[in-house]
Amino acid sequence: MPETDLHTLLRSVRVWAPDATELRPFDPAVAPATPLALFTRWFADAVAAGQPEPHTMSLATTDADGRPDARIVMLHGADADGWAFATHATSRKGRQLAAQPHAALVLYWPVLGRQVRVRGPVVAAPSEEGQADLHARTTGALAAALTGRQSEPLASLSELERRSREAWERARAEPGTPSPTWTLYRLRPTEVEFFQGDPDRRHVRLRYEDTGEGADDGGAGTGGWRRVLLWP
């Protein structure tokens with residue numbers, strides 16, 4: 001097999017090819033007053049446009065020494081309490097959130113040339129909420145949670161297969177089994193930015209900033225939002 005030239009390959013890849021992407025007009029002047037309302041609308045647009053796995057997102061955290069880390073996780077919900085995701089409290093990201101309880105999220109929907117960025121403090125939901133969220137999901141999700149030891153060194157794939165098989169058997173037989181370290185986290189945003197790609201590269205960026213004033217009606221840290229346009 002011939003060796004791949006990465007730089008040549010990168011230059012051959014199109015961004016927002018017309019046959020795969022619809023770059024829609026976005027007028028921030030008529031955007032809703034809260035980021036949650038616009039996020040809900042954009043998420044529905046992504047689902048309707050056929051975006052694969054629109055609920056997947058990048059989660060960025062920092063460790064106790066301030067070193068950044070990132071990975072892809074699944075959005076479990078977004079409401080007035082914040083943007084929710086889940087993991088084991090004992091995992092790498094769980095430990096990082098315990099040391100530095102702030103994070104950033106990015107959702108990217110290339111079918112529409114859109115992305116949403118969210119930043120703010122993170123709080124852990126009560127244990128019963130985390131367990132209820134887990135048991136509302138699939139048998140596979142419960143089996144994965146029961147397998148446990150996330151982020152720990154693994155001796156072999158055969159060990160993973162054995163533990164996973166045991167976890168699947170238990171999840172099927174006892175669907176209410178708790179996973180004590182499984183935790184639902186909520187990021188309460190202080191900033192939410194919406195990016196709409198433009199074919200002439202005049203991309204529209206609208207950032208909502210939490211002012212700390214008014215009632216909490218938009219998934220804010222304290223409620224009240226200021227809207228700011230940004231250069232692309």
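Keep in mind it's a predicted model, so treat the numbers as computed, not measured.

Parameters at a glance
Residues numbered from 1 in each chain as written. Predicted model: local features only at pLDDT ≥ 70, side-chain atom pairs only at ≥ 80, totals over all residues. Heavy atoms only, no water. Salt bridge = Lys/Arg side-chain N within 4 Å of Asp/Glu carboxyl O. Helix = DSSP H or I, 4+ residues; strand = E, 2+ residues; numbered from the N terminus. Buried < 20%, exposed > 50% of the residue type's maximum accessible area, 1.4 Å probe, protein only. Pairing = 2+ DSSP bridges.

Q: I keep staring at the pattern of salt bridges and nothing clicks. Help me out?
A: Once the charged atoms of two side chains with opposite charge are near each other, the side chains can pair. Per the counting criterion, the structure on display carries 19 salt bridges. The closest approach of N and O atoms between Arg205 and Glu193, which form a salt bridge, is 2.7 Å. Of this pair, Arg205 sits in strand β9 (residues 204–210) while Glu193 sits in strand β8 (residues 191–196), placing them twelve residues apart in sequence. The same class applies to Arg205 and to Glu193, which are both buried. If you follow the salt bridges from partner to partner, you end up with Glu22, Arg24, Asp45 and Arg114 in one network.

Q: So what exactly am I meant to see when it comes to the pairing of β9 here?
A: Side-chain positions along a regular strand alternate between the two faces of the sheet. Among the seven residues that make up β9, five are buried, leaving the element largely enclosed by the rest of the structure. Alignment of β8 against β9, held across six bridges, turns out to be antiparallel. By the bridge assignment, Gln196 is partnered in β9 with Val204. As paired elements, β9 and strand β10 (residues 225–230) share six bridges and run antiparallel to each other. Bridged to Tyr208 within β10 is Arg227.

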